[in-house]
Amino acid sequence: MKHIHEDYLRSAMFGLQDGLVSTTGVVVGISTGVADKSIIILASLVAVSVEATSMAAGQYSSEKAVHQMDKIGKHNDSLALGAAIMFIAYFLAGMVPIIPTILFPQSQGRIIAIVAALIGLFVVGYIKGHIVESKPLRSATELLVIGGIATTIGLIVGHFLRV
Ligand SMILES: [Zn+2]
């Protein structure tokens, strides 16, 4: 892992985590509030594309600011590559809850999406904890809780704003 610039790793981990957490919240929320599967799929794909772009832009500009303040030349990573990694990581992670939503009937798809996303978060948390050499299980549990909260909020909003 030492030959990969840590800014790329951070970008990938953050993208995977956020792609899983927010897309699952969005997918579950819309799927709870709307009965039309094509609307659920459309809204989920719009959300994941827009969010991945926005996260990539955010990665680019925040990392640019960090680079401008870097006086010792530690940051030799490419801003564009960091942004691209963020986009891809976010988009791929977002597909984890979206694909079961497309493949399965609505009621089952929602449950499979939640389970798949929570497993994904646990794995990402574990890898993240492993990379930074802290406690992988603790980091995995942390992400699981964050994902659970976002999903619950999606469920509640979807339930009360049902159309
Ligand atoms: Zn950097």
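Not measured: the values here are computed from a predicted model. (Residues numbered from 1 in each chain as written. Predicted model: local features only at pLDDT ≥ 70, side-chain atom pairs only at ≥ 80, totals over all residues.)

1. Details of the overall build of the chain
Just so we agree on the cut-off: Labels follow the DSSP assignment, with helices taken as runs of H or I lasting at least four residues and strands as runs of E lasting at least two, numbered in each case from the N terminus. For this measure, only C-alpha atoms enter the radius of gyration; the expected value for a globule follows 2.2 Å times N^0.38, where N is the number of residues. With C-beta atoms placed from the backbone, a residue counts as buried when 20 or more other C-beta atoms lie within 10 Å of its own, as exposed when 12 or fewer do, and as partly exposed for counts between those limits. Contact criterion: two residues are in contact if their C-beta atoms, reconstructed from the backbone, are within 7 Å.
Helix and strand content of the chain: five helices and zero strands. Going from N to C terminus, the chain has its helices and strands arranged as α-α-α-α-α. In summary, the chain has a C-alpha radius of gyration of 17 Å against a globular reference of 15 Å for 163 residues, a match within 12%. Dimensions along the principal axes, computed over C-alpha positions, put the chain at roughly 55 × 30 × 25 Å. A burial count over the chain gives 37% of its 163 residues as buried. At a minimum sequence separation of 6, the contacts of the chain that also span at least 24 residues come to 71%.

2. Observations concerning helix α4 (residues 106–131)
Basically, it comes down to this: To estimate the expected span of a helix, count its residues, drop one, and scale the result by 1.5 Å.
Under the 1.5 Å per step criterion, the end-to-end length of α4 is 37 Å for 26 residues, consistent within 8% with the ideal 38 Å. Among the residues of α4, those classed as buried are Gly109, Arg110, Ala113, Ile114, Ala117, Gly120, Leu121, Val124, Gly125 and Lys128. Check the buried side of α4 and you find it contacts α1 (6–33), α3 (79–103) and α5 (136–160). Where α4 terminates, the next one or two residues include Glu133, which has phi positive at roughly 55°.

3. Structural notes on the packing of α1 against α4
Here is the rule: Interaxial angles span 0 to 180 degrees and are taken between N-to-C directions of axes, which are lines fitted to C-alpha atoms, for helices over the stretch in contact. The cut-offs work like this: below 35 degrees is roughly parallel, past 145 is roughly antiparallel, 65 to 115 is roughly perpendicular, and the gaps in between are oblique. Two helices cross in a left-handed way if the nearer one is turned anticlockwise from the farther one by less than a right angle. They cross in a right-handed way if the turn is clockwise. Following the grouping adopted for this structure description, the nonpolar residues are Ala, Val, Leu, Ile, Met, Phe, Trp, Tyr, Cys and Pro, the charged ones are Asp, Glu, Lys and Arg, and the polar ones are all others, Gly among them.
Between α1 and α4, the least distance of the axes is 10 Å, while the angle of their chain directions is 160°. Classified by the interaxial angle, the pair formed by α1 and α4 is roughly antiparallel. The hand of the α1/α4 crossing is left-handed. Every residue of α4 that contacts α1 at Leu9, Met13, Leu16, Gln17, Leu20, Thr24, Val27, Val28 and Ser31 is listed here: Gln106, Arg110, Ala113, Ile114, Ala117, Gly120, Leu121, Val124, Lys128 and Ile131. Grouping the amino acids of the contact of α1 with α4 by side-chain chemistry returns 12 nonpolar, five polar and two charged.

4. Overview of α5
Relative to the 36 Å expected for 25 residues at 1.5 Å per residue, α5 spans 36 Å between its end C-alpha atoms, a close match to the ideal helical length. Looking at the buried residues of α5, the elements they touch are α1 and α4.

5. Some words on the UniProt feature "transmembrane region" (unreviewed entry) in the chain
Spelled out, the test is: UniProt positions are given in the numbering used here, feature names are shortened, and annotations may be inferred rather than shown by experiment.
As recorded in UniProt, the feature "transmembrane region" (unreviewed entry) lies at residues 12–33, 39–58, 79–99, 111–131 and 143–161. Across residues 39–58, the secondary structure splits into 100% helix and 0% strand, with the terminal C-alpha atoms separated by 28 Å. As annotated, residues 143–161 comprises 95% helix and 0% strand, and the C-alpha atoms at either end are separated by 27 Å.

6. Description of the nonpolar core
Under the convention used in this document: The term nonpolar core means buried Ala, Val, Leu, Ile, Met, Phe, Trp, Tyr and Cys residues held together as one set by C-beta atoms within 7 Å.
Counting 31 residues, the largest nonpolar core has Leu20, Ala52, Met86, Phe87, Ala89 and Tyr90 as the members making the most contacts within it. Contributing elements (two or more residues each) for this core: α1, α2 (37–69), α3, α4 and α5. Sequence-distant contacts of Ala89, that is, excluding residues within four places in its chain, are made with Ala12, Gly15, Leu16 and Gly19.

7. Considering the packing of α2 against α3
Put simply, α2 and α3 touch, their axes get as near as 8 Å, and they point 160° apart. Put simply, α2 runs roughly antiparallel to α3. Like other packed secondary-structure pairs, α2 and α3 cross with a definite hand, here right-handed. Grouping the constituent residues of the contact of α2 with α3 by class yields 16 nonpolar, seven polar and three charged.

8. A few points about the environment of Thr23
Following the sequence through the fold, Thr23 ends up in helix α1. Taking the C-alpha atoms as reference points, Thr23 and Gly58, 35 residues apart in sequence, are found 17 Å from one another. Residue contacts for Thr23: discarding those within four places in its chain leaves Ser44, Ala47, Val48, Gly94, Pro97 and Ile98.

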